[in-house]
Amino acid sequence: SKQCLPGTQTELISQILDWVNLSWGYELNPSPRILLLTGQTGAGKSSIAHTVARHLQDLSRLAASYWFDQNDRANRRPDMLFPTLARDLADFDVSYKQALVRSAHTAALRSTTDLLDQFNNLIRAPLDALADRSVVGPLVIIIDALDESGFPNERRELLMILSRRLHELPSHIRFIMTSRHEDDILALLGSSKHILHVPMSDFSSSSTVSDIAAFV
């Protein structure tokens, strides 16, 4: 229900989907495997993320997703991200589920709120265990509304991990993230060489006029 109106934002959505596929074969095409879409409040970032997610889900390419919400106390906590992604990945791939069980074998690892421990044991270790498996095409993880993941001091560690560690994951994994123009997020993610930063303001005003006409 949060997808874009049919026929709107087509240029940007097409470019994101092209990036998903063109960045496949990372060893031969070393473009960033992480995309950060930024824009002002109400620009349509979440609608685009939902539209891309639906398209990828229909192609069995959406491996996991998380939607931060500042109005939901449970869904704005940074320590909920990696456990939720791990659950989605386990539902998506039984081999990952088995690797996750082996990696998070103790109660401490299953219940930790330390973000780096979560990333290493719930995400990286299971994916690394499957790195040698033959995979046809990319798998995408979507993280929407990073700016709603708490106050800057609450999300700093999360942003550090996202900016410095995601590119270490196996080459068939892609990340699409969205955010408002927040200084702390742009400083860590917008300037990373491992992340393709796509400001919505870069797209032509003619597309906006066409979208408004379609809506009317």
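Everything quoted here is computed from the prediction, not taken from an experiment. (Residues numbered from 1 in each chain as written. Predicted model: local features only at pLDDT ≥ 70, side-chain atom pairs only at ≥ 80, totals over all residues. Heavy atoms only, no water.)

K.L.:
What is the right way to read the nonpolar core from this model?
P.N.:
It is characteristic of soluble globular proteins that their nonpolar side chains tend to be buried jointly. Residues I123, I143, L162 and M177 are the most contacted members of the largest nonpolar core, which totals 40 residues. The residues touching L162, leaving out its near neighbours within four places in the chain, are L81, F82, I143, L146, M177, L189 and I195. Of all hydrophobic cores here, the second largest spans 20 residues; its members include I16, W19, I48 and L62. (Core = buried A, V, L, I, M, F, W, Y, C linked by side-chain atoms within 4.5 Å. Buried < 20%, exposed > 50% of the residue type's maximum accessible area, 1.4 Å probe, protein only. Contact = heavy atoms within 4.5 Å.)

K.L.:
Can you help me understand unusual backbone geometry in this one?
P.N.:
Most of the time, phi is negative for any residue but glycine, and the peptide bond is trans. For S60, which is not glycine, the phi dihedral falls at a positive 60°. With respect to the element layout, S60 can be found in the loop between α2 (45-58) and β2 (62-67). S60 gets classed as partly exposed once you look at its relative accessible area, which sits at 48%. Not every positive phi belongs to a glycine, and A145 is a case in point at roughly 60°. Along the chain, A145 turns up in the loop between β3 (139-144) and α7 (152-164). (Helix = DSSP H or I, 4+ residues; strand = E, 2+ residues; numbered from the N terminus.)

K.L.:
Sorry if this is basic, but what is going on with the environment of T10 here?
P.N.:
Tracing the backbone shows T10 in helix α1 (residues 10-22). Accessibility expressed as a relative area gives 46% for T10, which makes it partly exposed. For the pair T10 and I48, spaced 38 residues apart in sequence, the C-alpha separation works out to 9.4 Å.

K.L.:
I'm lost on the side chain of D147 in this one. Help?
P.N.:
Checked against the element boundaries, D147 lands in the loop between β3 and α7. Reaching out from D147, the side chain makes a polar contact with the backbone nitrogen of R180 at a distance of 2.9 Å. The contacts of D147, once residues within four sequence positions are left out, are R155, S179, R180, E182 and I185. (Polar contact = N/O pair within 3.5 Å; in protein donor to acceptor, adjacent residues only side chain to side chain.)

K.L.:
Looking at this structure, how should I read helix α4 (residues 94-103)?
P.N.:
Inspection of α4 places Y96, A99, L100 and S103 among the buried residues, and these make up the whole buried set. Down the axis of α4, the buried side of the element spans an arc of 105°, and every buried residue falls inside it. Exposed positions of α4 whose direction lies more than 90 degrees from the buried face are V94, V101 and R102. Considering only its buried residues, α4 is in contact with α3 (81-92), α5 (107-111) and α6 (115-129). N-capping of α4 is provided by D93, with a side-chain oxygen placed 2.7 Å from the backbone N of S95. (Arc of directions from axis to C-beta.)

K.L.:
How should I be thinking about the sheet that holds β2 in this particular structure?
P.N.:
Paired through their backbone hydrogen bonds, the strands of a sheet run either parallel or antiparallel. Spatially, β2-β3-β4-β1-β5 is the arrangement adopted by the 5 strands of the open sheet, whose pairing is parallel. Edge strands, defined here as strands with exactly one partner in the open sheet, are β2 and β5 (195-199). Put simply, the sheet's adjacent strands are angled 15° from each other on average, direction ignored. As judged from the 5 bridges shared by β3 and strand β4 (residues 173-179), these two strands associate in the parallel manner. Within β4, the residue paired with L139 across the bridge is I173. (Pairing = 2+ DSSP bridges. Axes fitted to C-alpha atoms, helices over the stretch in contact; angles between N-to-C directions.)

K.L.:
Just to check I follow, could you spell out the pairing of β3 for this structure?
P.N.:
Consecutive side chains along a regular strand alternate between the two faces of the sheet. The buried fraction of β3 is high, at 6 of 6 residues. Burial of the side chains of β3 extends over both faces: L139, I141 and I143 are buried on one face and V140, I142 and D144 on the other. As defined by bridge partners, β2 adjoins β3 across 5 bridges and the pair is classed as parallel. In the strand pairing of β3, L62 is matched with V140. Each parallel crossover has a hand, and the one from β3 via α7 to β4 is right-handed. (Right-handed = clockwise from strand over helix to strand, strands pointing away.)

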